[in-house]
Amino acid sequence: MSYPADTAAARGLALCHVCYQLDPVGRHHCGRCGAALHLRHANSLQRTVALLVTACILYIPANVLPIMDTIQLGRAGPSTIIGGVVFLLKLNDYPIAAVIFIASVMVPLAKLGAMFYLVWSVQSHHRSSPRQRTRVYQLAELVGRWSMVDVFVVAILVALIQLGGLLTILPGPAALAFAGVVVVTMLAAESFDPRLIWDQAGQPHD
Amino acid sequence: MTEATATVKPRRRVPVIWLVPIAAALIGIWVVIYSYMTQGPEITITFSTAAGVEAGKTKIKTLDVELGIVESVELTEDMRGVVLTARLERFAAPLLREDTQFWVVRPRVGPGGASGLGTILSGGYIKLAAGTGKTGRRQFVGRDDPPLTPPGTPGLRLHLTSASAGSVSAGDPVLFRGYRVGEVDSAEFDLQEQRMSYALFINEPFDALVTQNTRFWNSGGISVKASADGLEVDIGSLQTVLIGGVAFDLPDGAVPGPPAKEGDRYALLPNRDAINQRSFNHYADFVVSFTQSLRGVRPGAPVEYRGIPIGTIQRVMIREMSEQGLKGLGAPIPVLIRVEPARIGLPDTPASVAQLEAALRTGVEHGLRATLQTGNLLTGSSLVALDFHPDQGAAPLGSFAGYTEIPVLAGGIERLEEQISALLAKLNALPLDPTLRELDATLVAVRDAVEDLKNLLGSDETQAIPASIESAVLETNRILDSLSPDSVAAERLNRSLAELTEVLRNLESVTRTLADKPSAVIFSPPATKDPVPQKRSSP
């Protein structure tokens, strides 16, 4: 299948990422605002991969360390993300357990997986449908931010429940790591240039 | 691209972005390494039960400072206990010494009161009491109960042994003159030595009271002693009566001596009197043989000279008697007595013993005898009394089984029996028949006299006496009546007296006038004017 090749790149024009003026590719600076001109985001793939790797590194402490510390009558109860999900399941509170699980476990993993797939597909010139891949990218970018739900839950609990010795909730180190994971994946999605999908899809194979 | 343009290829260089994952990775690795390096020691504690302990939750604390957390709880290999693995903080490492103790703080109620009630709400925790030994121990055996005196408390630890358990158990107070200065930490039975072994703890600063010469005794319960001296009941405080306790003090007249050291061993004596029973090193043994009943003769009973204890009865020498063939039943039974010169204040030396022996020998020549007397009628215990009996002459000192024998005299109840029988014999010997006969004759004479008296009383004259007496009395009465104030004679007398008084009064004025003016006999006194009432003149 061939796609209409009437793109700015095909005509040798590059879009300034600051003032959105089309300039010839040969120029290295925008005629209007003087910002550096790139046809595609510079080192998009590398940056995406670097950030994805960072997110993966941060994901380990986010799950291993406790995200929340419940002190109930002097009894300390640190809990990790998975530990919290299991605890809610034991209480037969399935909806909230499902929410936490989806938001804190499934979504970040899915987003990481999707981004890795996209990067790989561009790098290896995979022949899957670019439209679908663009959909995937769109979804990943939209949904990614909702992983912050878990962090917000911890923050609100910590702020509201301060009953002294009776019940006190303290944030754990995993909250920071998890917030880092979400932010970094958002940055990774940001730095991936989806035009690359269409670039390699439009070109004939060799 | 139709124009030939110079393709400008930017020099390939690694984008800066890679610093981000590298930094993240480095930080992660550094955190892991750091926590590994600053990790504290891991210890294992063996308990008999894991009640109140949860893996990952139960903390280990000392002085309410958190030292670590129990990581895992497992059964021991022989399935009879539990092994806890815990990781402590670095700063807790110096606390892990040879005698560091661990116990689970749970709600407990005991003779000392209730403890650990806060753990009902907050959950149990393991408490650590640091010891004073060498550091570096990592495997511990936890206690089931908290130690009564935590290790490291300033004070003195001692060991006592006793033959029987008595009423002393862990937690009992240690008293000095009634004041609590410490407590019994543990009471265990040593199977090897077959003795009870107690560990005592005496708090500072009272540990200075314990010296090498101190004696400990069991002051618990009520001690009742029945001996030749009488009945003695001794109780300590109410707490010791109910719970029991150990007391200590110096024996009478003993010097304190050097202070006791940590871990010194003492014997636990059964009662307070036992601490005064000094063992005298120098003594002389004698034998006294009695024919009377030896019931009540007990070893340890006193040997007295006129009430002053000079020794003790050792034993009844039955064995020696049977060895000698029991020659003839009815032979006196020997009793071994020990005379200790130190009891009467002589120095405890062999010279004093020789001195005492010489004195006894001389005494025996002058009538010193040994008698068996009842010390206490209630308990029936006897004692041997040495005394001079003037009616006894010189007697030789005998010898029996190698011991010098002091001659005896029957005494005590025996003597009383003797005296009574002597009295009865005397009574028997009294000449009663002639006495009775005389008595009889006297009675007959008395009877005759009574007969005569009866006759006398029955005669007429005697009967008439009362009648005449009666008439005389009546007469007397009449006379007395006439003399009474109401009678006529009295009245007349009164009247006469009144007249006489009147006359005298009249006479009085005359005599007065005459006294004033003797001339009034002849001349009449001047007449006085009668007073005339007048108005008083105004002032």
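In the block above lies the structure referred to throughout.
As the structure is a prediction and not an experimental result, all values here were calculated from the model.

Trainee: Before we move on, could you go through the overall build of chain B and cite the residues and values that matter?
Mentor: From N to C terminus, chain B includes 9 helices and 26 strands. Looking at chain B residue by residue over its 539 residues, the buried ones come to 29%. Within chain B, counting contacts between residues at least 6 apart in sequence, those at least 24 apart form 66% of the total. Accessible area for chain B stands at about 35500 Å²; split by element, carbon and sulfur atoms hold 59% of it.

Trainee: Provide a residue-level description of helix α2 (residues 81-90) of chain A, including the pertinent values.
Mentor: Residues and elements named next belong to chain A. Restricting attention to buried positions, one finds in α2 the residues Ile81, Gly84, Val85 and Leu88. Projection of α2 onto a plane perpendicular to its axis shows the buried side chains occupying an angular sector of 100 degrees, all on one side. Exposed and facing more than 90 degrees away from the buried side of α2 are Phe87 and Lys90. Buried residues along α2 sit in contact with α1 (44-64), β4 (75-79), α3 (94-123), α5 (148-160) and α6 (173-191). In the segment just after α2, Asn92 is the residue with positive phi, at about 60 degrees.

Trainee: Go over the packing of aromatic side chains with me, naming the residues and quoting the values.
Mentor: Residue and element names in this part refer to chain B. Tallying each qualifying case throughout the model produces 9 aromatic pairs over all chains. Ring geometry for Phe216 against Phe248: centres 5.3 Å apart, planes inclined by 40 degrees, an arrangement best described as tilted. On the criterion of sequence distance, the pair formed by Phe216 in strand β14 (residues 215-218) and Phe248 in strand β17 (residues 246-249) is long-range, its members being 32 residues apart. Both residues of the pair, Phe216 and Phe248, count as buried. With centroids separated by 6.2 Å and ring planes inclined at 90 degrees, the aromatic side chains of Tyr305 and Phe388 adopt a geometry described as edge-to-face. Here Phe388 lies in strand β24 (residues 381-388) and Tyr305 lies in strand β20 (residues 302-305), a separation of 83 residues in the sequence.

Trainee: Requested: an account of unusual backbone geometry, with residues and values cited.
Mentor: Across the junction of B:Glu204 and B:Pro205, the peptide omega takes the value -5 degrees, indicating a cis bond. Within the secondary structure layout, B:Pro205 lies in the loop between β13 (195-203) and β14. Phi at A:His125 takes a positive value of approximately 55 degrees, unusual for a residue other than glycine. Counting through the fold element by element, A:His125 comes out in the loop between α3 and α4 (130-144). We classify A:His125 as partly exposed; its relative accessible area is 43%.

Trainee: Tell me about the interface of chain B and chain A, residues and numbers included.
Mentor: Facing the 13 residues of chain B at the interface are 14 residues of chain A. Viewed at the interface, chain A and chain B are joined by 0 salt bridges. Along the contact surface separating chain B from chain A lie 1 residue pair in polar contact (both at pLDDT 80 or more). For the side of chain B that touches chain A, the secondary structure elements donating two or more residues are α1 (19-37) and α2 (119-122) of chain B.

Trainee: Now, about the nonpolar core: what can you tell me, with residues and values included?
Mentor: If you look at soluble globular proteins, the nonpolar side chains tend to sit buried side by side. B:Ile313, B:Val335, B:Ile337, B:Val384, B:Leu386 and B:Ile406 are the most contacted members of the largest nonpolar core, which totals 23 residues. Those elements that provide at least two residues to this core are β19 (284-290), β21 (308-316), β22 (333-339), α5 (350-365), β23 (368-376) and β24 of chain B.

Trainee: Can you explain α5(B)? Please cite residues and give values.
Mentor: All names here are of chain B. Over its 16 residues, α5 runs 23 Å from end to end, which matches the ideal 22 Å to within 8%, given 1.5 Å per residue. Listed in full, the buried residues belonging to α5 are Ser352, Val353, Leu356, Leu360, Gly363 and Val364. One side of α5 holds all its buried residues, which, seen down the axis, span an arc of 110 degrees. Turned more than 90 degrees away from the buried face of α5, the exposed residues are Pro350 and Ala351. If you follow the buried residues of α5, they end up packed against β19, β22, β23 and β24. Immediately downstream of α5, the backbone of Gly367 shows phi near 105 degrees, a positive value.

Trainee: Tell me about the packing of α1(A) against α3(A), and name the residues and values.
Mentor: For any two helices packed against each other, the geometry is given by the interaxial angle and the distance between the axes. Residue and element names in this part refer to chain A. Running from amino to carboxyl end, α1 crosses α3 at an angle of 150 degrees, the nearest separation of the two axes being 10 Å. The angle between α1 and α3 places the two elements in the roughly antiparallel class. Seen from above, α1 lies across α3 with left-handed handedness. Contact residues: Leu45, Thr48, Val49, Leu52, Val53, Ala55, Cys56 and Tyr59 in α1; Ser104, Val105, Pro108, Leu109, Leu112, Met115, Phe116, Val119, Val122 and Gln123 in α3. For the contact of α1 with α3, the residue count by class is 15 nonpolar, 3 polar and no charged.

Trainee: Can you break down the sheet that holds strand β25 (residues 398-400) of chain B residue by residue, with the values?
Mentor: Residues and elements named next belong to chain B. Sheet architecture is open: 8 strands sit in the order β23-β24-β20-β21-β22-β19-β26-β25, paired in mixed fashion. What marks the edges here is a single partner per strand, and that holds for β23 and β25. Across the sheet, the axes of successive neighbouring strands diverge by a mean angle of 35 degrees, strand direction being ignored. Sheet topology places β19 next to β22; 7 bridges connect them, and they run antiparallel. By the bridge assignment, Ser289 is partnered in β22 with Pro334.

Trainee: Pulling in residues and values, what's your account of the pairing of strand β3 (residues 68-72) of chain A?
Mentor: Residue and element names in this part refer to chain A. Relative to strand β5 (residues 167-171), β3 runs antiparallel, the two sharing 5 bridges. Residue pairing across strands places Gln72 opposite Leu167, the latter belonging to β5. Relative to β4, β3 runs antiparallel, the two being bridged by 5 bridges. Its bridge partner lying in β4, Ile71 is registered against Ala76.

Trainee: Account for the pattern of salt bridges, with residues named and values stated.
Mentor: Applying the stated criterion across every chain, the model contains 16 salt bridges over all chains. In this structure, the salt-bridge partner of A:Asp199 is A:Arg40, at a minimum N-O distance of 2.4 Å. Of this pair, A:Asp199 sits in helix α7 (residues 195-202) while A:Arg40 sits in the loop between β2 (22-24) and α1, and the two are 159 residues apart along the sequence. Among the residues examined, A:Arg40 registers a relative accessible area of 18% and is labelled buried. Ionic pairing is found between B:Glu42 and B:Arg87, a salt bridge with its closest N-O pair at 3.2 Å. Note that B:Glu42 is positioned in strand β1 (residues 42-47) and B:Arg87 in strand β4 (residues 82-88), a separation of 45 residues in sequence. We classify B:Arg87 as partly exposed; its relative accessible area is 22%.

Rules behind the numbers
Here the residue numbers are simple positions, counted from 1 along each chain's written sequence. Numbering of ligands from 1 and lettering of chains from A proceed in the order in which they are written. Reporting in this predicted model follows two pLDDT cut-offs: at least 70 for local features of residues, and 80 or more for side-chain atom pairs to be given and counted; totals over whole chains, interfaces and linings ignore these cut-offs and use all residues. Side-chain descriptors were evaluated using all non-hydrogen atoms of the structure, hydrogens and water having been removed beforehand. The helix count covers DSSP runs of H or I at least four residues long, the strand count covers runs of E at least two residues long, and both are numbered beginning at the N terminus. Per-residue accessibility, obtained with a 1.4 Å probe over protein chains only, is compared with the maximum for each type, and a residue is labelled buried under 20%, exposed over 50%, and partly exposed between these values. By the convention used here, residues are in contact when the closest approach between their heavy atoms is within 4.5 Å. Computed with a 1.4 Å probe, the accessible areas rest on the Shrake-Rupley method; for each residue, only the protein chains presented here act as cover. Arc, as used here, means the arc of the directions from the helix axis to the C-beta atoms. Each aromatic pair joins two rings of Phe, Tyr and Trp (for Trp, the six-membered one) with centres within 6.5 Å, and gets the label stacked for planes under 30 degrees apart, edge-to-face for over 60, and tilted for any other angle. The term salt bridge refers to a side-chain nitrogen of Lys or Arg lying within 4 Å of a carboxyl oxygen of Asp or Glu. Nitrogen and oxygen atoms within 3.5 Å of one another constitute a polar contact, given that in protein one can donate a hydrogen and the other can accept it, and given that sequence-neighbouring residues count only through two side-chain atoms. Only buried residues count toward a nonpolar core, which is a set of Ala, Val, Leu, Ile, Met, Phe, Trp, Tyr and Cys residues joined through side-chain atoms within 4.5 Å. Working rule for helices: expected span equals 1.5 Å times residues minus one. Here an axis means a line fitted to C-alpha atoms, over the contact stretch when the element is a helix, while the angle between two N-to-C directions is reported on a 0 to 180 degree scale. Oblique is the label for any angle not under 35 degrees, not over 145, and not in the 65 to 115 range, which are roughly parallel, roughly antiparallel and roughly perpendicular in turn. Left-handed describes a crossing in which the near helix is turned anticlockwise from the far one by less than a right angle; the clockwise case is right-handed. When residues are sorted by character, Ala, Val, Leu, Ile, Met, Phe, Trp, Tyr, Cys and Pro go into the nonpolar class, Asp, Glu, Lys and Arg into the charged class, and all the rest, Gly among them, into the polar class. A pair of strands is considered paired only if DSSP assigns at least 2 bridges between the two.

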